[in-house]
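Architecture at a glance
For reference, the chains in residue letters:
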Protein chains: 2
Amino acid sequence: MNVAEYVVKFLVSKGVGDVFGIPGGVILDFLYALEATPGIEAHLSSHEQGAVLEACGYAQAESSLGVAYCTRGPGVTNAVTGIAEAFSESVPIIVLTSHANRTQNPGMRFEFDQELDPVPLVANITKYAVQIEDPEDVCRELEYAWQQAVTGRKGPVLLDFASALWKREVTITDTDIAAEDPDGTVVYTNTVNYVMERLEKVKRPVILAGDGLRQAGACRYIRELAERLRIPVISSRGAQDVISGFPLYYGYIGSHGIRYSNFILEKSDFILSLGNRMSFPPASESFRSAIENKCVIRLDIDEREFEREIPGAINFTVEISAFLKEFLKYRKNQSYEEWISVCDRLKKELRDKDLNEAVYKITQIFQSMSSDILIVSDVGNNEFWVSRAYEYSGICNRILYSKSFGTLGCAIGKAIGACYYTQRPVLCIVGDQGIQLNIQELQMIGQAQLPVLILIVNNHSSGMIRSRERVKYNARYVHTTPDSGYGHPEFEFIARAYNIPYYTWSDFEKKLVEEEIREWTGPGMIELEVDMEVDLQPGLPLGNTCQNLEPALPEEQYAFLDQL
Amino acid sequence: MNVAEYVVKFLVSKGVGDVFGIPGGVILDFLYALEATPGIEAHLSSHEQGAVLEACGYAQAESSLGVAYCTRGPGVTNAVTGIAEAFSESVPIIVLTSHANRTQNPGMRFEFDQELDPVPLVANITKYAVQIEDPEDVCRELEYAWQQAVTGRKGPVLLDFASALWKREVTITDTDIAAEDPDGTVVYTNTVNYVMERLEKVKRPVILAGDGLRQAGACRYIRELAERLRIPVISSRGAQDVISGFPLYYGYIGSHGIRYSNFILEKSDFILSLGNRMSFPPASESFRSAIENKCVIRLDIDEREFEREIPGAINFTVEISAFLKEFLKYRKNQSYEEWISVCDRLKKELRDKDLNEAVYKITQIFQSMSSDILIVSDVGNNEFWVSRAYEYSGICNRILYSKSFGTLGCAIGKAIGACYYTQRPVLCIVGDQGIQLNIQELQMIGQAQLPVLILIVNNHSSGMIRSRERVKYNARYVHTTPDSGYGHPEFEFIARAYNIPYYTWSDFEKKLVEEEIREWTGPGMIELEVDMEVDLQPGLPLGNTCQNLEPALPEEQYAFLDQL
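Residues numbered from 1 in each chain as written. Chains lettered and ligands numbered in written order. Predicted model: local features only at pLDDT ≥ 70, side-chain atom pairs only at ≥ 80, totals over all residues. Heavy atoms only, no water.

This part is about the overall build of chain A. Per the secondary structure count, chain A includes 22 helices and 18 strands. Scaling as 2.2 N^0.38, a compact globule of 564 residues should have a C-alpha radius of gyration of about 24 Å, and chain A matches this with 24 Å. Taken along the three principal axes of its C-alpha coordinates, chain A extends 75 × 60 × 50 Å. The proportion of buried residues among the 564 residues of chain A is 65%. Put simply, of all contacts in chain A between residues at least 6 apart along the chain, 77% involve residues at least 24 apart. Accessible surface, chain A as shown: approximately 19,600 Å² in total, 46% of it carbon and sulfur. (Helix = DSSP H or I, 4+ residues; strand = E, 2+ residues; numbered from the N terminus. Rg over C-alpha atoms; globule rule 2.2 N^0.38 Å. Buried < 20%, exposed > 50% of the residue type's maximum accessible area, 1.4 Å probe, protein only. Contact = heavy atoms within 4.5 Å. Areas by Shrake-Rupley, 256 points an atom, 1.4 Å probe, with all protein chains shown as cover.)

Helical geometry: 3.6 residues make up each α-helical turn, so side chains three or four residues apart lie on a common side. Here helix α2 (residues 28-36) of chain A lies mainly inside the structure; 7 of its 9 residues are buried. Turning to α2(A), its buried residues are Leu28(A), Asp29(A), Phe30(A), Leu31(A), Tyr32(A), Ala33(A) and Leu34(A). Residues of α2(A) that are buried sit in contact with α1 (3-13), β1 (18-21), β2 (41-44), β3 (66-70) and β4 (93-99) of chain A together with α19 (463-472) of chain B.

A few words now on the pattern of salt bridges. The tally for this structure, following the rule as stated, stands at 54 salt bridges over all chains. Salt-bridge contacts for Glu115(A) lead to Arg72(A); the nearest nitrogen and oxygen are separated by 2.6 Å. Here Arg72(A) lies in the loop between β3 and α4 (74-89) and Glu115(A) lies in the loop between β4 and α5 (118-122), a separation of 43 residues in the sequence. For the pair Glu115(A) and Arg72(A), a shared accessibility class is recorded, and that class is buried. Ionic pairing is found between Lys414(B) and Glu85(B), a salt bridge with its closest N-O pair at 2.5 Å. One end of the pair, Lys414(B), is in helix α16 (residues 410-422); the other, Glu85(B), is in helix α4 (residues 74-89), and 329 residues separate them in sequence. Residues participating in the shared-partner salt-bridge network are Asp113(A), Arg153(B), Arg277(B), Asp302(B), Glu305(B) and Arg308(B). (Salt bridge = Lys/Arg side-chain N within 4 Å of Asp/Glu carboxyl O.)

The next subject is the interface of chain A and chain B. Think of interface size as the accessible area that goes away when the parts come together; that is how it is often given. The interface of chain A with chain B comprises 87 residues on the first partner and 87 residues on the second. At the boundary of chain A and chain B, one finds 4 salt bridges. For Glu35(B), the salt bridge is made with Arg476(A), and the minimal N-O distance between the two is 3.7 Å. The interface formed by chain A and chain B holds 55 residue pairs in polar contact (both at pLDDT 80 or more) in total. (Polar contact = N/O pair within 3.5 Å; in protein donor to acceptor, adjacent residues only side chain to side chain.)

A separate point is the sheet that holds strand β12 (residues 314-317) of chain B. Residues and elements named next belong to chain B. The sheet built from 6 strands is open, its strands ordered β9-β8-β7-β10-β11-β12 with parallel pairing. Each of the sheet's edge strands pairs with one partner strand only, and the pair in question is β9 (249-252) and β12. Each strand of the sheet is rotated relative to its neighbour by a mean of 20 degrees, with strand direction disregarded. Bridging between strand β7 (residues 205-209) and strand β8 (residues 233-235) involves 3 bridges; their strand directions are parallel. Within β8, the position partnered with Ala-209 by the bridge is Ser-235. Sitting on the sheet, helix α7 (residues 189-201) touches β7, β10 (270-274), β11 (295-300) and β12, and the angle it makes with β11 is about 155 degrees. (Pairing = 2+ DSSP bridges. Axes fitted to C-alpha atoms, helices over the stretch in contact; angles between N-to-C directions.)

Each of the two chain copies can be brought onto the other by rotation about an axis and movement along it. It takes a turn of 180 degrees to lay chain A on chain B, together with a shift of 0.0 Å along the axis; the resulting RMSD is 0.0 Å. Look at the turn and shift together and you get a two-fold axis relating the two. Taken as a fraction of all interface residues of chain A, those also at the interface in chain B reach 100%, which identifies the copy contact as same-surface. (Least-squares fit on C-alpha atoms with pLDDT ≥ 70 in both.)

If you look at the biggest cluster of nonpolar residues, it comprises 116 residues, and the most contacted ones within it are Leu442(A), Ile454(A), Ile494(A), Leu442(B), Ile454(B) and Ile494(B). Residue contacts for Ile454(A): discarding those within four places in its chain leaves Ile412(A), Cys428(A), Val430(A), Ile435(A), Leu442(A), Ile445(A), Gly524(A), Met525(A) and Ile526(A). (Core = buried A, V, L, I, M, F, W, Y, C linked by side-chain atoms within 4.5 Å.)

Within strand β6 (residues 157-162) of chain A, 6 of the 6 residues are buried, leaving the element largely enclosed by the surrounding structure. Of the two faces of β6(A), the one holding Val157(A), Leu159(A) and Phe161(A) and the one holding Leu158(A), Asp160(A) and Ala162(A) are both buried throughout.

Next up on the list: the environment of Ser341(A). Within the fold, Ser341(A) resides in helix α13 (residues 337-350). Each C-alpha atom, one on Ser341(A) and one on Ser236(A), is 22 Å from the other, the two residues being 105 residues apart in sequence.

Turning next to the side chain of Asn381(A). All names here are of chain A. Residue position: Asn-381 is located in helix α15 (residues 381-393). Relative accessible area serves as the criterion here: at 4%, Asn-381 is assigned to the buried category. A polar side-chain atom of Asn-381 sits 3.3 Å from the main-chain carbonyl oxygen of Gly-463. If we ignore the near neighbours within four places in the chain, the residues touching Asn-381 are Gly-463, Met-464, Ser-467, Asp-535 and Leu-536.

What follows deals with the sheet that holds β1(A). All names here are of chain A. Reading across from one edge, β2-β1-β3-β4-β6-β5 is the order of the 6 strands in this open sheet, with parallel pairing throughout. Both edges of this open sheet fall to β2 and β5 (128-132), since each of them pairs with a single strand only. On average, each strand axis in the sheet is tilted by 20 degrees relative to the strand beside it, whichever way the strands run. Note that β4 and β6 share 6 bridges and pair parallel.

What follows covers the packing of helix α9 (residues 219-229) of chain A against helix α12 (residues 320-327) of chain A. All names here are of chain A. One way to put it is that α9 packs onto α12 with a least axis distance of 10 Å and a crossing angle of 30 degrees. Taken together, the axes of α9 and α12 lie roughly parallel to each other. The hand of the α9/α12 crossing is left-handed. Where α9 abuts α12, its residues Tyr-221, Ile-222, Leu-225 and Leu-229 lie against Ser-321, Leu-324, Lys-325 and Phe-327. Tallied by class, the residues present in the contact of α9 with α12 amount to 6 nonpolar, 1 polar and 1 charged. (Parallel < 35°, antiparallel > 145°, perpendicular 65-115°, else oblique. Left-handed = near helix turned anticlockwise from the far one by under 90°. Nonpolar A, V, L, I, M, F, W, Y, C, P; charged D, E, K, R; others polar.)

Within the secondary structure layout, Asn262(A) lies in helix α10 (residues 259-267). Within polar-contact distance, the side chain of Asn262(A) engages the backbone oxygen of Gly254(A) at 2.9 Å.

The next subject is unusual backbone geometry. Residues and elements named next belong to chain B. With omega at -5 degrees, the peptide bond leading from Gln-537 into Pro-538 counts as cis. Within the secondary structure layout, Pro-538 lies in the loop between β18 (524-529) and α22 (555-558). Residue Pro-551 follows Glu-550 across a cis peptide bond; omega there is 5 degrees. By secondary structure assignment, the location of Pro-551 is in the loop between β18 and α22. Here the phi dihedral of Asn-474 falls at roughly 60 degrees; this positive angle occurs in a residue that is not glycine. Within the secondary structure, Asn-474 is located in the loop between α19 and α20 (491-497). For Asn-474, a relative accessible area of 71% puts it in the exposed group. With a phi angle near 65 degrees, His-479 is a residue other than glycine that sits in the positive phi range. Within the secondary structure, His-479 sits in the loop between α19 and α20.

Residue and element names in this part refer to chain B. Regarding helix α21 (residues 505-513), the residues found buried are Trp-505, Phe-508 and Leu-512. Axial view of α21: buried residues confined to an arc of 65 degrees, hence all on one face. Among the exposed residues of α21, those oriented more than 90 degrees off its buried face are Lys-510 and Val-513. (Arc of directions from axis to C-beta.)

Moving on to the environment of Ile435(A). Residue and element names in this part refer to chain A. Assignment of secondary structure puts Ile-435 in helix α17 (residues 434-437). Here Ile-435 falls in the buried class, since its relative accessible area comes to 0%. Along the sequence, Ile-435 and Phe-491 sit 56 residues apart, while their C-alpha atoms lie 9.9 Å from each other. Discounting chain neighbours no more than four positions away, the residues touching Ile-435 are Ile-412, Val-430, Ile-454, Ile-456, Phe-491 and Met-525.

Residue and element names in this part refer to chain B. Relative to each other, helix α1 (residues 3-13) and helix α2 (residues 28-36) sit at 50 degrees, their axes nearing to 8 Å. With respect to α2, the element α1 is oriented oblique. Judged by the sense of rotation from one axis to the other, the crossing of α1 with α2 is right-handed. Where α1 abuts α2, its residues Ala-4, Glu-5, Val-7, Val-8 and Leu-11 lie against Asp-29, Phe-30, Ala-33 and Leu-34.

Below is the structure:
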């Protein structure tokens, strides 16, 4: 078996069925091996940024492994944004690349044409990156890279093969590198006891759920636990699908969070943070006051996250699934039913606030979808409307965000990857500016007639920057509105160019009523026009405590708070 | 004056009239300063990759300074390919970026959302990169970065400003950093004497011109020199416009070079390489035999280039303009007229060979253009047809290539930048795959109605990889032909979506006849259909000496060689 065949066989053994990339001379042997192997298929991207985002979407759909390949030089540099996104989102992907000549003299500018050593380039945005020159290193490096990608706090790895290696006979070596047990045989008895003891002493605890729960495959356990202990759960915005649809889930917090969620955070006396980075702006007065002077316990697999200091917090480095399994054995005596009724009241009174035209329309789509349809959100004002509609509609579909890197334009690629993984329709929501960044990937959707429904939330502006200009710069707009230089293509023609059926909102609304949407068999592009003035509201001005989102509600609507 | 205003004023003082980028929260203050300053204009890109390529085109049009700005995080990672291209092409550009929080703990994964320290990311693809935190550092860093970009071997620099800095009062400091004299007062008498002495002893000298001549502003001097010494000039493909139209210029060499150029290289007994990297594949038998056992003298400003060893070569690190000015004072005694007649004969006999349908049609356009129209070529088979048409048509227009990084898709961005610099029409030639990579930048062309004429050479394939598959892999195609998964959008609708008039070749040919093309006032997209079977020929199989390009010419066409 040659190296190319071995690599493909390895990927298949790890459950990879679809990979994404663009052919290049140095990577052809790998591509041929892909083509010759049953059970795995390569898909042609139009930009390596798209290819890596496709691998991300594939991996994120259900926390499996994603794979992208790219050629040397510009192939690798084009992939950088996708790799950074995967690192930021803890997405396990392998990026495979290849070089014809290995740079020997880094002081020389481009010793070989097109050859750029990718290892230093991605060193800070991968868990592991290496160039492989020897057939004897292939098995070990592949195994090690894969383990790095999928264990602990997950993330991207990059393997750069010498192109001459692909055709060489692989040397099968012992790949039993690490004695790490991914299942985690550690017993967290002490940690559980500690948490239980604290829980017995408080009256208004909350669980702050993070995406780490999903990463750890612990979505099931957190539900069981919250149900058994009867503790309200809130989450970060990016983790709203971790426990959505659960009766004790009370939405997401944040500076553009749900009003009742921020209230509940503020009124709690105990925060059990599970797989949540608690990445509030460190100088934020708003969240400090919601966290200070109460017991905060943080559990995370990545101990380095605890260097993001939360005053007074107790930190435990744990594998969350194992921890929760252990936790589930315990019983508690304390009851928090009174606190739950406060939370219920907050939610009931505030549920209908802060909605707008865009939120209502997105809700309309959400409510017409079956629960197995995955949603991918892009970056910008539209993502906040999506989050709000998600909370308002009460659905519990899987939803992908670019949570911390904020990769504008990432949704198209991720939707494609997710669609290949789930083999089900995917709803992709993107703004009129964001779609431009990876617009070339529409080629894959149109060509393969993938059931990806693209909702363009078109407010004819660079909405989020415009919001900032409005609030902080006295509405001085530059390149963010049509009057100040912003523009977008005519999406109807874009759709035709890429062979994707196009709908205006009113056309699509008719389809929604007919309920055809539940079983899309091919792609679609819907253009939802939203007034530019519909802004990113409510928000938290600097210095406001977290429950005081602006615009403030009329005073009479707050009256009920006195009773709580 | 605040920092933002100072930076803008600095750019204006360096002759920068247009900058490219996308607004982001951390960079707004800089953008407002741009907008408020006369004589400089910001243009809205659709992807930061495009913005940096636009800055490259702007800079390359006449070797001036280009500037792009981008926001933090994905803004910076999106810029990476453009920065690598600028580094590889020695293009002087400044990339301005900004951060709200400086990463203090690099071991932590994304200490702050969206914040990625760009300095290690671009360390290997910039001449200089730095984060600036203090108003006292602004003047010095800006001056130093600029000097790095525009002096010696040019290239990109990156300055990452703390966003809080923009509004702070700048501290004017002494920026007289380096005592380097960019004019070079060094006298190269010894070098010139050495070269002259060698020249007197040889019979068939050639000057091998490289793009370094243009970088050094020495295009004028090389013409004067070659004319005075009566020495034939050949060039690398990427430098064919350095001395084009000159009677003693005999085309470009290379593994896909011009047949007579390779012959002349092979038959020469002395090579004077000026600003040429001589980056033949180091293992290439083909070029080794053309270089070995003859006198090779290399002159370059970047001494590290000499680490690319050429056996027996004599290397001098010189500032080429100063060197040539000195050289021009000398007279020689030796005459090379017999050698020139050999070169003329080679060119005459072989000029009409190796042409194809695509070359003829591109020639047709070239011959209808005025000489002040800049041409930008993309990457792929089409670029080789463009080079050949350029040589065949005998034009001397400025032409931009991605010479060594091979950045597929770079042409659209570069054409935009060049158009803003020259304020004249620009011809942009790109393949059906390449255009996809930066297709979103058509927005800028359509919106500003820039006179950029885009010729899409559409062979419905990933031509260059297909060529490789045909030759080296027994025509086993994967993702490179319509049958094997390759596809492209319908360009007519793309053109409509971006508000660009569209022409088929036959429509456009009529326009050509009417000679309207000399004065384009707006954009256009022409789709030139080329049969997929028209391949990248001739080429040099491994092991052939450089004059033996394949397909070989019929024997009778080579008969004249016996007389030379």
